[in-house]
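Listed here are the chains, written in short residue letters.
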Amino acid sequence: MDRHLIVLDLDGTLLTDNKTISKRSLHTLREARKAGHAVAIATGRPFRASQMYYQELALDTPIVNFNGAFVHHPADYSFKGRHSPLDLNVAQTIIDTCQAFNVQNIMAEVVDDVYVHDYDEQFVDLFSMGTSPAAYGNLKHILDKDPTSLLVYPKEKEDAEHLQSLLGNKHAKGVHQRSWGAPFHMLEIIKTGNNKAAGLELVTEYCNVSMENVIAFGDEDNDLEMIEEAGIGVAMGNAISDLKNIANEVTLTNEEDGIALFLEDRLSLPSPSKR
């Protein structure tokens, strides 16, 4: 059997709804590595919010964070990663537009440093993902580096849709937007051209695996490019319809060990019950 690179989205895919890796998934991924396959993570999360899962899986591969805007290897410093942030001038123009639109809050991330426009303890707890902000205040003044991403918190769903259209008209060629669902209706903004598939090009090269031998799992719109480019793109049972429509396969949900069951069958791996 060919050696594969198994690529895992986290939320809604590898992780159960309570944000843990199930025992069966953990077992199966370990068996896959014993059989000679490689395993990697590709997530929209920053590294600080995915590091615990990387360590739990005992990975030794590069990791794709911020939907491809940041790719690095946590242990191999010889790996030539990539950080593709927004241009600071573009980010400041976006911040100006958001301030004029009177959004509830804005957060800028520079790799693992967080800058928050308005101090709001609940907002920080929910979205800083395990780190204290480097600074609070008007982002036009305190942000002096190209941000990896901007996270904008409009007041209402309708505001989010209006702002997304407004930003798209002004910056369509420079930025990529992703809207979050309920209950927060956030807008996540990164530099155009960044996506998980682009980030995976560096990972496949490092692992010496062609994209044809990538088995990628996902559930949301930020997985579309990755699922389409992978040799075997697998949508979770709980995935959005657009992802299921382009996927090569659909497995069970993240609550039903969909990843483990698919890999046990496709790669002839032993399930826990067969040990």
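Scroll up for the structure.
Residues numbered from 1 in each chain as written. Predicted model: local features only at pLDDT ≥ 70, side-chain atom pairs only at ≥ 80, totals over all residues. Heavy atoms only, no water.

Novice: Lay out the overall build of the chain with the relevant residues and their values.
Specialist: Looking only at helices and strands, one finds 11 helices and 14 strands in the chain. Overall size of the chain, expressed as C-alpha extent along the three principal axes, is 60 × 40 × 35 Å. In the chain, which comprises 275 residues, the proportion classed as buried is 53%. Considering only residue pairs separated by 6 or more positions, the chain has 58% of its internal contacts joining residues 24 or more positions apart. For the chain, the exposed surface amounts to about 12400 Å²; the carbon and sulfur share of it is 45%. Treating the 24 positive side-chain charges of the chain as one cloud and the 41 negative ones as another, the clouds have centres 4 Å apart. (Helix = DSSP H or I, 4+ residues; strand = E, 2+ residues; numbered from the N terminus. Buried < 20%, exposed > 50% of the residue type's maximum accessible area, 1.4 Å probe, protein only. Contact = heavy atoms within 4.5 Å. Areas by Shrake-Rupley, 256 points an atom, 1.4 Å probe, with all protein chains shown as cover. Lys, Arg positive; Asp, Glu negative; His and termini not counted. Charge placed at Lys NZ, Arg CZ, Asp CG, Glu CD.)

Novice: Give me the lowdown on the sheet that holds strand S9 (residues 149-153), citing residues and values where you can.
Specialist: Read from one edge to the other, the open sheet built from 6 strands follows the order S8-S7-S6-S9-S11-S10, with strand pairing classed as mixed. Strands with a single pairing partner mark the edges of an open sheet, and in this sheet they are strand S8 (135-136) and strand S10 (175-179). Bridging between strand S6 (residues 105-110) and S9 involves 5 bridges; their strand directions are antiparallel. The partner of Ala 108 across the bridge, within S9, is Leu 150. Contacting S6, S9, S10 and strand S11 (187-191), helix H4 (residues 88-100) crosses the sheet at an angle of about 0° to S9. (Pairing = 2+ DSSP bridges. Axes fitted to C-alpha atoms, helices over the stretch in contact; angles between N-to-C directions.)

Novice: Can you explain the pairing of strand S12 (residues 214-218)? Please cite residues and give values.
Specialist: In terms of burial, S12 is a largely internal element, 5 of the 5 residues being buried. The side-chain alternation of S12 yields two buried faces, one formed by Val 214, Ala 216 and Gly 218 and the other by Ile 215 and Phe 217. With 4 bridges connecting them, strand S1 (residues 5-8) and S12 associate as parallel partners. Pairing of Leu 8 across the sheet is with Phe 217, part of S12.

Novice: Go over the pattern of salt bridges with me, naming the residues and quoting the values.
Specialist: Pairs can form between side chains of opposite charge once their charged atoms are near each other. For the structure shown, the criterion picks out 13 salt bridges. For Asp 60, the salt bridge goes to Arg 33, with nearest N and O atoms at 3.4 Å. Placement of Asp 60 in the loop between helix H3 (51-56) and strand S3 (63-65) and of Arg 33 in helix H2 (residues 23-34) is noted, with a sequence separation of 27 residues between them. For Asp 60, a relative accessible area of 47% puts it in the partly exposed group. For Arg 33, a relative accessible area of 27% puts it in the partly exposed group. Glu 188 is the salt-bridge partner of Arg 178, the closest N and O atoms lying 3.7 Å from each other. Placement of the pair is Arg 178 in strand S10 and Glu 188 in strand S11, with a sequence separation of 10 residues. Residue Arg 178 is classed as buried on the basis of its relative accessible area, which comes to 17%. A single network of salt bridges, built from pairs that share partners, joins Asp 9, Lys 196 and Asp 223. (Salt bridge = Lys/Arg side-chain N within 4 Å of Asp/Glu carboxyl O.)

Novice: I'd like a rundown of the packing of H2 against helix H11 (residues 258-266), residues and numbers included.
Specialist: Two elements in contact, H2 and H11, have axes whose closest approach is 8 Å; the angle formed by their N-to-C orientations is 35°. The interaxial crossing formed by H2 with H11 has left-handed handedness. Where H2 approaches H11, its residues Arg 24, Ser 25, Thr 28 and Leu 29 are matched on the opposing element by Ala 260, Leu 261, Leu 263 and Glu 264. Of the residues belonging to the contact of H2 with H11, the class tally is 4 nonpolar, 2 polar and 2 charged. (Left-handed = near helix turned anticlockwise from the far one by under 90°. Nonpolar A, V, L, I, M, F, W, Y, C, P; charged D, E, K, R; others polar.)

Novice: Could you give me a rundown of the nonpolar core, with the residues and numbers involved?
Specialist: Ile 6, Leu 8, Leu 14, Leu 57, Phe 217 and Leu 263 are the most contacted members of the largest nonpolar core, which has 27 residues in total. For this core, the secondary-structure elements that each account for two or more residues are S1, helix H1 (10-14), H2, strand S2 (38-41), H3, S12, strand S13 (232-235) and H11. If we ignore the near neighbours within four places in the chain, the residues touching Phe 217 are Ile 6, Val 7, Leu 8, Asp 9, Thr 13, Met 226, Ile 227, Val 234, Met 236, Ile 259, Phe 262 and Leu 263. (Core = buried A, V, L, I, M, F, W, Y, C linked by side-chain atoms within 4.5 Å.)

Novice: Got a sec to walk through the packing of aromatic side chains? Specific residues and values, please.
Specialist: All told, the structure shown has 4 aromatic pairs when counted by the stated rule. When the centroid spacing of 4.8 Å and the interplanar angle of 70° are considered together, the rings of Tyr 119 and Tyr 136 count as edge-to-face. One end of the pair, Tyr 119, is in the loop between strand S7 (113-116) and helix H5 (121-127); the other, Tyr 136, is in strand S8, and 17 residues separate them in sequence. With 5.6 Å between their ring centres and 85° between their planes, Phe 217 and Phe 262 make a pair best called edge-to-face. Here the residue Phe 217 occupies a position in strand S12, and Phe 262 occupies one in helix H11, the gap between them amounting to 45 residues. (Phe/Tyr/Trp six-rings, centres within 6.5 Å; stacked < 30°, edge-to-face > 60°.)

Novice: Just give me the short version of unusual backbone geometry, but keep the residues and values in it.
Specialist: With a phi close to 60°, Asn 102 is a non-glycine residue in the positive phi region. Looking at the element boundaries, Asn 102 is found in the loop between H4 and S6. With relative accessibility at 48%, the residue Asn 102 sits in the partly exposed group. The backbone phi angle of Asn 208 is positive, close to 55°, even though this residue is not glycine. Looking at the secondary structure, you find Asn 208 in the loop between helix H8 (196-207) and S12.

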